[in-house]
Amino acid sequence: MDRVFSGIQPTGELHIGNWLGAVKNWVALQERYDCLYCAVDLHVLTAKYEPAVLAERTREMLIGLMAAGLSPDRSILFAQSQVPEHTRLMWFFTNVTGVGELERMTQYKDKSQRMERVPAGLLMYPVLQAADILLYRANKVPVGEDQVQHLELSREIARAWNAEFAPDEPFFPEPAPLLTPARRIMGLDGDAKMSKSLGNTIGIFESAEQIWAKLRPAKTDPARKTKSDPGTPEKCNLFTLHQHFSPPATVAEVDTKCRTAGWGCIECKRVLADNVIVELSPIRERGAALRADVEAVDRAIALGADKARAIAVDTMREVERRMGFLPAMTSR
Ligand code: TYM
């Protein structure tokens, strides 16, 4: 049976880049597969963070996932820190992973460059990610493009561990990424990937007014200096958003009206804003309903952690046996 695992960092609000690139697919996949989805709060420690808001953000991320359509009855939804086996397996994996491979990770290079003192945890970040996935022996991982390299490393780690501790028949599968056509959504600035840390996002819980306030000044095709200048939709970042949020007939209309200067950018943005609002409104409403009963949310999260842990403990029992530990280590 194929098993799906994916994770998201609870560092801020779920945004439409996460939604289009990953989470919308997570919702669809839960109909067909055995799925686990996780708020990866331990990964947050690799950058500066505020302990006072971490728990709240983790809960809020899980509320976002539920509001987006993940059902705790169909999928296992949980917080990484509530299943201690993640860090345990990570330690085992650090010893079949080369430091050189870790230093070659693009995200590590980008992030470490901007730091005066690089925490060792940042280098180990993708090893923890491999442990997240392999703890459940998941073989399919729905992610955006920025995670593809980390998944290559997860496969290498699975191979290296199997070669050493399960030489006859692989114990861990080699997890493959599942990408969507929206694998890399650009931010509203049009310059960089949409990202929580860059402030170029639209959050899934933003109100109609907030969405419009963000889309109105967003960058479009620079050739359209005035309303009567024709544009090229492929050069406009917002055209991509139309392709993901607007019905096909509207996308075709936008295409023509842009090329012929039939619409000004503001008119085009208004249509986009309306369609984004249509898609996000039900999510926003479900979020408000979930927040009205935080205890029920916490119960669902705790139940998710119990279900995840049952699988995790089974995996670890076998891993520890194969790695030569005393059985006492597994008697939890
Ligand atoms: P994170 O929290 O940065 O992002 C969560 C998911 O959203 C995708 N994504 C995007 N997709 C398209 N366009 C964008 N602009 C965009 N921004 C984000 C990401 O690719 C990701 O799928 N390291 C991971 C979290 C993680 C994980 C895992 C993922 C930890 N363990 C195990 C998969 C499996 C991360 O930082 O995602």
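This structure is a prediction, so every number in the text was calculated from the model and none was measured.

Draft legend 1. Summary view of the nonpolar core. Residues Trp19, Leu65, Leu215, Leu241 and Leu280 are the most contacted members of the largest nonpolar core, which totals 54 residues. The dominant element in this core, judged by the number of residues it contributes, is helix H1 (residues 16-29), at eight residues. Leucine 215 has contacts with Leu188, Ile202, Leu238, Lys269, Leu272, Ala273 and Val276, leaving out every residue within four places of it along the chain.

Draft legend 2. Region of interest: the site of the ligand. The immediate surroundings of the ligand are formed by 28 residues, with Tyr125, Asp132, Gly144, Asp146 and Ile185 found nearest. One nitrogen or oxygen atom from the main chain of glycine 17 is found 3.4 Å from a nitrogen atom belonging to the ligand. A distance of 2.8 Å separates a nitrogen atom of the ligand from a polar backbone atom of isoleucine 185. Taken by itself the ligand offers 720 Å² of open surface, and the protein chains cover 96% of this. At the level of elements, strand S1 (3-8), H1 and helix H6 (120-134) are the ones that each hand at least two residues to the shell around the ligand. In terms of residue class, the shell around the ligand is built from 11 nonpolar, 11 polar and six charged.

Draft legend 3. Local environment of the domain arrangement of the protein chain. For the protein chain, the assigned domains are domain 1 (3-185 + 294-323) and domain 2 (205-288). Put simply, the middle of domain 1 and the middle of domain 2, counted by C-alpha atoms, are 33 Å apart. If you look at the interface, domain 1 gives 15 residues, while domain 2 gives 10 residues. Counting each side, the surface lost to burial between domain 1 and domain 2 is near 1000 Å², with a carbon and sulfur contribution of 68%. When residues of domain 1 are sorted by the area they lose upon contact with domain 2, Glu13, Ile16 and Ala67 head the list and together hold 43% of the total.

What counts as what
- Residues numbered from 1 in each chain as written.
- Predicted model: local features only at pLDDT ≥ 70, side-chain atom pairs only at ≥ 80, totals over all residues.
- Heavy atoms only, no water.
- Core = buried A, V, L, I, M, F, W, Y, C linked by side-chain atoms within 4.5 Å.
- Buried < 20%, exposed > 50% of the residue type's maximum accessible area, 1.4 Å probe, protein only.
- Helix = DSSP H or I, 4+ residues; strand = E, 2+ residues; numbered from the N terminus.
- Contact = heavy atoms within 4.5 Å.
- Near = heavy atom within 4 Å.
- Polar contact = N/O pair within 3.5 Å; in protein donor to acceptor, adjacent residues only side chain to side chain.
- Areas by Shrake-Rupley, 256 points an atom, 1.4 Å probe, with all protein chains shown as cover.
- Nonpolar A, V, L, I, M, F, W, Y, C, P; charged D, E, K, R; others polar.
- Domains from an automatic or database assignment.
- Buried area = accessible area lost by both parts, 1.4 Å probe.

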